[in-house]
Amino acid sequence: DVITPGDFTYCQFLGKGANGAVLRSMKTSTSKEYAIKIQRKKAVYECYRSDPWRIQDEKRSLLICDHPYITKLAYTFQTPSCIFMALDLAEHGDLRSVALTQIGARLSHPLVQFYGAEIVSALAYM
C-alpha cells in the first residue's frame, strides 16, 4: 500500500525545526499514533545544498536502528512540496520538554543519571 498524508489525522503540534514541524498524528486505519516530521523540500534543499543526500542518510539510519532509546521510523512519504517521516511517538516527549517541566529548567541528579545512561546506551549502539 502507498501511504499518503491523507492516511493520517493530524492532532497536535509538537515542535518546530529549521525546515519544518513535528505533529502528533494518528494513522486513520489503525488508530496508532505517530510523531510526523514534515519538512519543506525547498528548505531542506537550501539548508543541505552541500549534502543533498542528508535526508536519505537520516531515513536509512532510522530504518536500520533497532534500539529501545532510538525512535523507530514507521513510514516515509512525500508530496510535491514536502517530505514526511512518521516516527514512533515518544509519549513523554524529548529531553528538552522534560527539562522545561523541572523547577528552574534543571534536571534532578537521578534524572540526569537516567537520561545520561539512555543517551550513552544509544550512542554505544550506533
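In this text, all values refer to a predicted model and were calculated from it rather than measured experimentally. (Residues numbered from 1 in each chain as written. Predicted model: local features only at pLDDT ≥ 70, side-chain atom pairs only at ≥ 80, totals over all residues. Heavy atoms only, no water.)

Enquirer: Even after reading the chapter, I still don't get the packing of aromatic side chains, so can you show me in this structure?
Expert: Aromatic rings considered in pairs are described by the distance between their centres and by the relative angle of their planes. Within the structure shown, the criterion is met by six aromatic pairs. Ring plane angle 70 degrees and centroid distance 6.2 Å describe the contact between phenylalanine 8 and tyrosine 75, whose orientation is recorded as edge-to-face. Residue phenylalanine 8 is found in strand β1 (residues 8-16), and its partner tyrosine 75 is found in strand β4 (residues 73-78); the two are separated by 67 residues along the sequence. Residue phenylalanine 8 is classed as buried on the basis of its relative accessible area, which comes to 5%. What makes tyrosine 75 partly exposed here is its relative accessible area of 24%. Between phenylalanine 114 and tyrosine 115, the aromatic rings sit 5.0 Å apart at their centres with planes inclined by 75 degrees, giving edge-to-face as the arrangement. Judged by relative accessible area, phenylalanine 114 falls into the partly exposed class, the value being 41%. (Phe/Tyr/Trp six-rings, centres within 6.5 Å; stacked < 30°, edge-to-face > 60°. Helix = DSSP H or I, 4+ residues; strand = E, 2+ residues; numbered from the N terminus. Buried < 20%, exposed > 50% of the residue type's maximum accessible area, 1.4 Å probe, protein only.)

Enquirer: How do you make sense of the state of the cysteines when you look at a structure like this?
Expert: Disulfides are covalent bonds that link the sulfur atoms of two cysteine residues. Applying the stated rule across the entire model yields zero disulfides. Summary of cysteine pairing: cysteine 47 is not part of a disulfide, and the nearest cysteine sulfur, belonging to cysteine 82, is at 15 Å. The class for cysteine 47 is partly exposed, based on a relative accessible area of 44%. (Disulfide = S-S within 2.5 Å.)

Enquirer: Explanation requested: the environment of serine 121 in the structure shown.
Expert: Among the structural elements, serine 121 can be located in helix α4 (residues 109-125). Each C-alpha atom of the pair serine 121 and proline 68 lies 9.3 Å from the other, and the pair is 53 residues apart in sequence. With residues near it in sequence (within four places) discarded, serine 121 still touches His67 and Tyr69. (Contact = heavy atoms within 4.5 Å.)

Enquirer: Looking at this structure, how should I read α4?
Expert: Along an α-helix, residues three or four positions apart point the same way, because every turn accommodates 3.6 residues. Helix length check: α4 (17 residues) gives 24 Å between terminal C-alpha atoms against 24 Å at 1.5 Å per residue, within 8%. When we look at burial in α4, the residues that qualify are Tyr115, Glu118 and Ala122. Projected onto a plane normal to the axis of α4, the buried residues spread over an arc of 55 degrees and lie on a single side. Residues of α4 that are exposed and point over 90 degrees away from its buried face: His109, Pro110, Val120, Leu123 and Ala124. (Expected span 1.5 Å × (residues − 1). Arc of directions from axis to C-beta.)

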